[in-house]
Amino acid sequence: MKRNLLKQSILLLLINLLANCYAQNKIQNLKGFDISPDSINTFLKTRMDSLHIPGLSIAVINNSNVVYHKTLGYANLEKKLPVTVETIFEGASMSKSVFSTFVMKFVEDGKLDLDKPMYEYLPYEDITYDERYKKITARMILSHRSGFPNWRENEDDKKLKIKFDPDTDYEYSGEGYQYLAMVLKHILGTDWNGLETYFQKEIAKPLGLEHTTFIEDSYALKHKAEPYDKEGNWIDWKNEYWYKKDKGIFVSSSSIRSEPIDFSKWMIGVMNKKILSETSYKELFKHHSKITTLSTGVNVYYSLGFITADSPHHNTYFHGGSNDGFTCWYMMDVEKKWGYVVFTNSMFGEKLGNELWDYFEKEY
């Protein structure tokens, strides 16, 4: 028994050392100013307290390298289990950015044409009553121009519908992304697990992602943080509607499981234009849909799986994510090779992600 306790103590020490080793490096913010780990730590702890965030994990990238990584708070409030380097979070809608790079592998391999109507690959029985669906392409789906709602469950009649003529407007849609995932599965002639295996082969393994999956595996189940609502109450996620509905399914828009060190490997891969060709990245980064115009006059756009904006943020790509009890955010400047990603087990991770952007843009 004592030997086991000693082993556990040594393991926890190694985990803490690993979590803190990134914070020993020199860190620069987005404006190129030096910033201390203590400053970041203080900011995070202050905002965690104000926003009542139980736990988080964050990584900051400088020049394509992780220079800061920190885990704070609790993965399980009730049991006082801390967030560690092993803790897994739901990445929610950040899935869309990763999925878009996966889609481009199909395009490069000649398996998929971004501008070929999707029904020519796979008719979609749920929407065949509306002939307009035959206009929908992968490009429209990735840029949220399909006309589909976000989720049919949010509609009054709970039915899948087309809300406007495809490619004439913008509406954020998880339904569209899932139709595209169904098409990819059909192209491969496989099931959802087979699509996951193909994602691991084409994206995860080449980039060195060890514990990033769209279908929850045994590692994720063992190490996943517990989720909490806006009031800080634990969410019974195993009995929650969306978890039960999506269990065992590759949900391209929202089911990715990951943590900052793993996710940062994907970010660095995108920054350095690995895995895909220059042409593919041009497609991914191109402005496709105007989302809004800010009060500053800056236009915000959706590309293929990424959010971006006019100058001075034209080299910046970002996305948030919000599942029940898990919210997150990443941002990267592909020219400066700079970025950060933060995962939380609260409903305020996207808010914190936005605040971090302001914090990292200060001119010290």
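Throughout this document, residue positions are counted from 1 along each chain, in the order its sequence is written. Given that this is a predicted model, residues contribute local features only at a pLDDT of at least 70 and side-chain atom pairs are listed and counted only at 80 or more, while totals for whole chains, interfaces and linings are drawn from all residues. With hydrogens and water excluded, all non-hydrogen atoms of the structure serve as input to the side-chain values.

## Overview of the overall build of the protein
What counts, and what does not: Put simply, DSSP marks the helices as runs of H or I at least four residues long and the strands as runs of E at least two long, and each gets a number from the N terminus on. Note on exposure labels: buried denotes an accessible area under 20% of the residue type's maximum, exposed denotes more than 50%, and partly exposed covers the range between, all computed with a 1.4 Å probe on protein chains only. Here, two residues are considered to be in contact whenever any of their heavy atoms come within 4.5 Å of each other. Computed with the Shrake-Rupley method and a 1.4 Å probe, the accessible areas treat only the protein chains shown as cover for residues.
Within the protein, the regular secondary structure consists of 11 helices and 13 strands. In terms of principal-axis extent, the alpha carbons of the protein reach across some 65 × 50 × 40 Å. Counting over 364 residues, the protein shows a buried share of 57%. Taking the contacts inside the protein whose residues are at least 6 apart along the sequence as the reference set, 64% of them involve residues at least 24 apart. A total of about 16200 Å² of accessible surface is found on the protein, and carbon and sulfur atoms cover 50% of it.

## Digging into the nonpolar core
Most often, soluble globular proteins have nonpolar side chains that are buried together. To keep it simple, the criterion reads: Remark: nonpolar core denotes a set of buried residues (Ala, Val, Leu, Ile, Met, Phe, Trp, Tyr, Cys) joined through side-chain atoms within 4.5 Å.
Residues Leu44, Phe99, Phe102, Leu180, Trp266, Met332 and Leu356 are the most contacted members of the largest nonpolar core, which totals 98 residues. In this structure, Leu44 is in contact with Leu56, Ile58, Tyr68, Leu72, Leu352 and Leu356, ignoring residues within four places of it in sequence.

## Some details on empty space enclosed by the protein
We count it as follows: Here the term cavity refers to a set of points on a 1 Å grid, laid over the protein atoms alone, in which a 1.4 Å probe fits but cannot get out; the term pocket refers to an open set having protein on both sides within 12 Å along at least five of seven lines, with lining residues being those that place an atom within 4 Å of a point. Grid points are joined across faces, edges and corners, and a volume is the space filled by probe spheres set on the points. The classification used treats Ala, Val, Leu, Ile, Met, Phe, Trp, Tyr, Cys and Pro as nonpolar, Asp, Glu, Lys and Arg as charged, and all other residues, Gly among them, as polar.
Under the counting rule described, the total for this entry stands at one cavity of 30 Å³ or more. Approximately 40 Å³ is the volume found for the largest cavity. Every residue along the wall of the largest cavity is listed here: Thr101, Ile203, Leu207, Trp266, Gly269, Val270, Lys274, Ile275 and Tyr281. Only helix H6 (192–207) and helix H9 (260–271) provide two or more residues apiece to the lining of the largest cavity. For the lining of the largest cavity, the element with the most residues is H9, which contributes three residues. A breakdown of the residues in the lining of the largest cavity according to their chemical character gives six nonpolar, two polar and one charged.

## Some details on the pairing of strand S3 (residues 55–62)
Within a regular strand, the side chains alternate between the two sheet faces. Stated precisely, the cut-off is as follows: Here, strands pair whenever DSSP counts at least two bridges between them.
Of all eight residues making up S3, eight are buried, and the element is well covered by its neighbours. Both S3 and strand S4 (residues 65–76) contribute to a ladder of eight bridges, which runs antiparallel. What sits directly across from Ile58, in S4, is Lys70. Connecting S3 to the antiparallel partner S4 that follows it, the hairpin turn spans two residues, and Asn63 within it adopts a positive phi of roughly 50°.

## Here we look at unusual backbone geometry
With the exception of glycine, the majority of residues adopt a negative phi angle, and the majority of peptide bonds are in the trans configuration. Residues Ser311 and Pro312 are joined by a peptide bond in cis, for which omega reads 15°. The topology assignment puts Pro312 in the loop between strand S10 (307–309) and strand S11 (316–323). Look at His52: it is not a glycine, yet its phi comes out positive at around 55°. Here His52 is to be found in the loop between helix H2 (37–51) and S3.

## Observations concerning the packing of aromatic side chains
To keep it simple, the criterion reads: Centre distance within 6.5 Å is the pairing criterion for rings of Phe, Tyr and Trp, where only the six-membered ring of Trp is used; planes under 30 degrees apart are then read as stacked, over 60 as edge-to-face, and the remainder as tilted.
By the definition in use, this model includes 35 aromatic pairs. Taken together, a centroid distance of 6.4 Å and an interplanar angle of 75° make the contact between Phe199 and Phe250 edge-to-face. A residue pair is termed long-range when its members are at least 10 positions apart, and Phe199 in helix H6 and Phe250 in the loop between helix H8 (241–246) and strand S7 (256–258) qualify at 51 residues. By the burial criterion, Phe199 is buried, and Phe250 matches it. Here the aromatic rings of Tyr340 and Phe360 are separated by 5.4 Å at their centres, their planes lie at 45°, and the arrangement is tilted. Linking Tyr340 in strand S13 (residues 338–344) with Phe360 in helix H11 (residues 349–360), this pair joins segments that are 20 residues apart in sequence.

## Some details on the layout of surface pockets
Each pocket or cavity is described by its volume, and for the largest pocket that value is around 970 Å³. Contributing elements (two or more residues each) for the lining of the largest pocket: H8, S10, S11, strand S12 (326–333) and H11. No other element matches S11, which puts six residues into the lining of the largest pocket. Here the residues of the lining of the largest pocket sort into 20 nonpolar, 15 polar and nine charged.

## Focus on the environment of Asn62
Structurally, the position occupied by Asn62 is in strand S3. Look at Asn62 and you get buried, because its relative accessible area is 8%. With 32 residues separating them in the primary sequence, Asn62 and Leu30 have C-alpha atoms 8.8 Å apart. Excluding anything up to four places from it in sequence, Asn62 contacts Lys26, Ile27, Gln28, Val67, Lys337 and Trp338.

## Looking at H6
What counts is decided by this rule: The span you would expect from a helix comes to 1.5 Å times its residue count less one. Here the bend at a residue is taken as the angle between two axes, fitted respectively to the seven residues that end there and the seven that start there. Between N or O atoms, a polar contact is any pair within 3.5 Å; within protein, one atom must be a potential hydrogen donor and the other a potential acceptor, and residues adjacent in sequence are included only when both atoms are from side chains.
With 16 residues, H6 should reach 22 Å at 1.5 Å per residue; the first-to-last C-alpha distance of 22 Å fits that figure. Considering bend angle alone, the principal kink of H6 is centred on Gln200 and spans about 45°. Those residues of H6 that sit buried are Trp192, Gly194, Leu195, Glu196, Tyr198, Phe199, Gln200, Glu202, Ile203, Ala204 and Leu207. Buried residues along H6 sit against helix H3 (95–108), helix H5 (174–188) and H9. For H6, the N-terminal capping position is held by Asp191, with its side-chain oxygen 3.3 Å away from the main-chain nitrogen of Asn193. At the exit of H6 stands Gly208, carrying a positive phi of roughly 80°.

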